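Survey of secondary and tertiary structure
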Amino acid sequence: SLVRALDAHYSRAAGPLRVFVLPAHERPSDLRAIEERLAALDAFDSVVFVDKAEALAEFRRDFGEEMTRYLDVNPLPHSYRAYPAADSEGGPLSGARLAALRAEVLEITGVEEVSGNFMQLAWLDRWRAPIETASLVLLAVLAAALALVVHNAIKLSLYARRGLVENMKYCGASGFFILAPFALEALLLGFVGGAIGAAALFGLVRLGAVLLPTLPE
């Protein structure tokens, strides 16, 4: 569904959390202690250490070397990428859960800051129920529209060919024999209309996949 697609998109966009280490806690023993505390939270599938040299290389790869070309020292801290584990009940990754994880990680000695895609998940938490309701309403409207199309198609076909229908009745044709071709025609029209609608919906979903990352963070 649309909501599951949004959940999957924002869950991928939200992870991992970036856990930044204070400069005063960059000794190997301090780093091991931080990693052990992160593992003890039992809230992450994996925790990956990123030293400051690797972080600087990633920064230069993403933003170019102009900003760091004349630096005498590397200003970036050591950090960890912490990938949140799936919900035990199978629910989506929510902004509230990610914010709670951030608060727990910030309590670890030696952690300076935790960054992540909190605002987009909070936006999805706020709009998940309205989106689900709107999806159900849209489904009901589409079902009613399809039923109306089929009904009108049968009615118009019968009216346009009423002379033929009367002749078939005079020849002893049963009601089912008369109605079947018109019902089949209406179903084919409904099927074609549904296929066109499904193609349009697929196009909108693909367009949404492009536009959704541009929502305010």
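Whatever comes next refers back to the structure up there.
To keep things clear, this report deals only with the structure shown in the data block.

**What to know about the pattern of salt bridges**
Going through the model one piece at a time under the given rule, you end up with five salt bridges. Measuring nitrogen to oxygen at the nearest pair gives 3.4 Å for the salt bridge that ties Glu 26 to Lys 52. Placement of Glu 26 in the loop between strand S1 (17–21) and helix H2 (28–40) and of Lys 52 in helix H3 (residues 52–63) is noted, with a sequence separation of 26 residues between them. Taking relative accessible area as the criterion, Glu 26 reaches 22% and is therefore assigned partly exposed. A salt bridge links Arg 27 to Asp 30; the nearest nitrogen and oxygen atoms lie 2.8 Å apart. Residue classification places Arg 27 among the partly exposed residues on the basis of a relative accessible area of 48%.

**What to know about H3**
Taking 1.5 Å of rise per residue, the twelve residues of H3 would be expected to cover 16 Å, and the 16 Å separating its terminal C-alpha atoms lies within 8% of that figure. For H3, the full list of buried residues reads Ala 55, Leu 56 and Glu 58. On an axial view of H3, the arc spanned by its buried residues comes to 160°, and they lie on one face. If you follow the buried residues of H3, they end up packed against S1, strand S2 (44–50) and strand S3 (79–84).

**Re the nonpolar core**
One finds Leu 17, Phe 44 and Val 105 to be the most contacted residues of the largest nonpolar core, which totals 18 residues. Mapped by element, the contributors of at least two residues to this core are S1, H2, S3, helix H4 (95–106), strand S4 (111–115) and helix H5 (118–160). Those residues in contact with Phe 44 that sit more than four places away from it in its chain are Leu 17, Leu 38, Ala 82, Tyr 83, Pro 84, Ala 85, Leu 101 and Val 105. Val 150, Met 168, Ile 178 and Ala 186 belong to the second-largest nonpolar core, a separate cluster that totals eight residues.

Analysis parameters
- One numbering rule holds for all chains: residues counted from 1, following each sequence as written.
- Given that the model is predicted, a residue must reach a pLDDT of at least 70 before its local features are reported, and side-chain atom pairs must reach 80 or more before they are shown or counted; all residues, however, enter totals for whole chains, interfaces and linings.
- Derived side-chain values reflect all non-hydrogen atoms in the structure, with water molecules and hydrogen atoms excluded from consideration.
- Salt bridges are defined as contacts in which a side-chain nitrogen from Lys or Arg sits within 4 Å of a carboxyl oxygen from Asp or Glu.
- Comment: elements are numbered from the N terminus, with helices defined as DSSP H or I runs of at least four residues and strands as E runs of at least two.
- Think of it in three bands: with a 1.4 Å probe and only protein chains considered, a residue is buried below 20% of the maximum accessible area for its type, exposed above 50%, and partly exposed in between.
- For a helix, the expected span equals 1.5 Å multiplied by the residue count minus one.
- When we speak of the arc, we mean the arc of directions from the helix axis to the C-beta atoms.
- Throughout, a contact is declared for two residues whenever any of their heavy atoms are within 4.5 Å.
- Here, nonpolar core means buried Ala, Val, Leu, Ile, Met, Phe, Trp, Tyr and Cys residues that are tied together by side-chain atoms lying within 4.5 Å of each other.

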